[in-house]
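Below, each chain spelled out in residue letters.
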Amino acid sequence: MAATVGNGCVTVAEVDARESALREGVSSHALPRSGTGEARQLRRWIAQVLVAERVVTAEARALGACEEDAPSEWELLPDEVARLEIGSVAAATLSEPVGRAVFAHVTAAVRISAEQVRDYHRRNPLRFAMGPSVPGAWRCASAGADLDEVRPAITAHLLAAARRREYRRWLDARCAEVVVLAPGYEHPGDPRQPDNTHRH
């Protein structure tokens, strides 16, 4: 057993199967060689993904979250910045409609205030200003945009980021409540496990 999740468990065989699938995939060349500390860290990460998926699936049943109404993965994670912001484990749970349905339910109450929008615009006056486009170059703006012009874009930007933070917080809290990891399957960042070393 690699972990318990509530009354269920994640088996070592499931970790093996997920690792095998990754090693047979298109990015296999980027994976660490088996038997190394990095490979053990990969297995720890896989265990984290598997337990997070179990937590999300159980929550979907408890909430009655409807997969048919789930937003698309692109809507929730439109770029690499969003994926980095939410973290690889949480991002992995959003690859399936069940995870995205839970995301929508868990983050439905998140709101952005007018003051947050004004403050963001004050600190980043050029962030959403649209200047002339130069082929092969960055779009530039010589002056900041009026707040009324960019308010919808700023609101959407801040709301999306706030929703990702809320989902990540929720998922971390739920996993802390119901998951027990077996030795050898600790979180990759746990300083107590031997493969979490900082090297240059």
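Presented here is a report on the structure given in the accompanying data block. Keep in mind it's a predicted model, so treat the numbers as computed, not measured. (Residues numbered from 1 in each chain as written. Predicted model: local features only at pLDDT ≥ 70, side-chain atom pairs only at ≥ 80, totals over all residues. Heavy atoms only, no water.)

## Regarding the overall build of the protein
Step number 1: Helix and strand counts for the protein come out as eight helices and three strands.
Step number 2: For the protein, the succession of helices and strands along the chain, N to C, is β-β-α-α-α-α-α-α-α-α-β.
Step number 3: Across its three principal axes, the protein shows a C-alpha extent of roughly 60 × 45 × 30 Å.
Step number 4: The 200 residues of the protein split such that 36% are buried.
Step number 5: For the protein, contacts bridging at least 24 residues in sequence account for 70% of all contacts bridging at least 6.
Step number 6: Of the roughly 12100 Å² that the protein leaves accessible, carbon and sulfur atoms contribute 55%. (Helix = DSSP H or I, 4+ residues; strand = E, 2+ residues; numbered from the N terminus. Buried < 20%, exposed > 50% of the residue type's maximum accessible area, 1.4 Å probe, protein only. Contact = heavy atoms within 4.5 Å. Areas by Shrake-Rupley, 256 points an atom, 1.4 Å probe, with all protein chains shown as cover.)

## Concerning the side chain of Q48
Step number 1: Relative to the assigned elements, Q48 resides in helix α2 (residues 37-63).
Step number 2: On the basis of relative accessible area, Q48 is assigned to the buried category, the value being 12%.

## What to know about a negative patch on the surface
Step number 1: A contiguous patch of negative charge on the surface is contributed by E67, E68, D69 and E96.
Step number 2: Looking at where E68 falls in the secondary structure, it is placed in the loop between α2 and α3 (73-76). (Patch = residues over 30% accessible without salt bridge, like charges linked within 9 Å, V, L, I, M, F, W, Y side chains within 5 Å. Salt bridge = Lys/Arg side-chain N within 4 Å of Asp/Glu carboxyl O. Lys, Arg positive; Asp, Glu negative; His and termini not counted. Charge placed at Lys NZ, Arg CZ, Asp CG, Glu CD.)

## Thoughts on the environment of E14
Step number 1: Along the polypeptide, E14 turns up in helix α1 (residues 12-23).
Step number 2: Distance in space between the C-alpha atoms of E14 and H187 is 17 Å, their sequence separation being 173 residues.
Step number 3: Aside from chain neighbours lying at most four places away, what touches E14 is C9, L50 and R54.

## Concerning the side chain of E19
Step number 1: Among the secondary structure elements, E19 is positioned in helix α1.
Step number 2: Assessed through its relative accessible area of 9%, E19 is described here as buried.
Step number 3: In contact with E19, other than residues within four places in its own chain, are S34, L42, R43 and I46.

## Quick word on the sheet that holds strand β2 (residues 8-10)
Step number 1: Pairing is antiparallel across the open sheet formed by three strands, whose spatial order is β2-β1-β3. Two strands lie at the open edges of the sheet, namely β2 and β3 (179-181), each paired on one side alone. The mean inter-strand angle of the sheet, taken between neighbouring strand axes irrespective of direction, is 20°.
Step number 2: Seen against the sheet, helix α8 (residues 147-178) touches β1 (3-5) and β3 and runs at an angle of roughly 70° to β3. (Pairing = 2+ DSSP bridges. Axes fitted to C-alpha atoms, helices over the stretch in contact; angles between N-to-C directions.)

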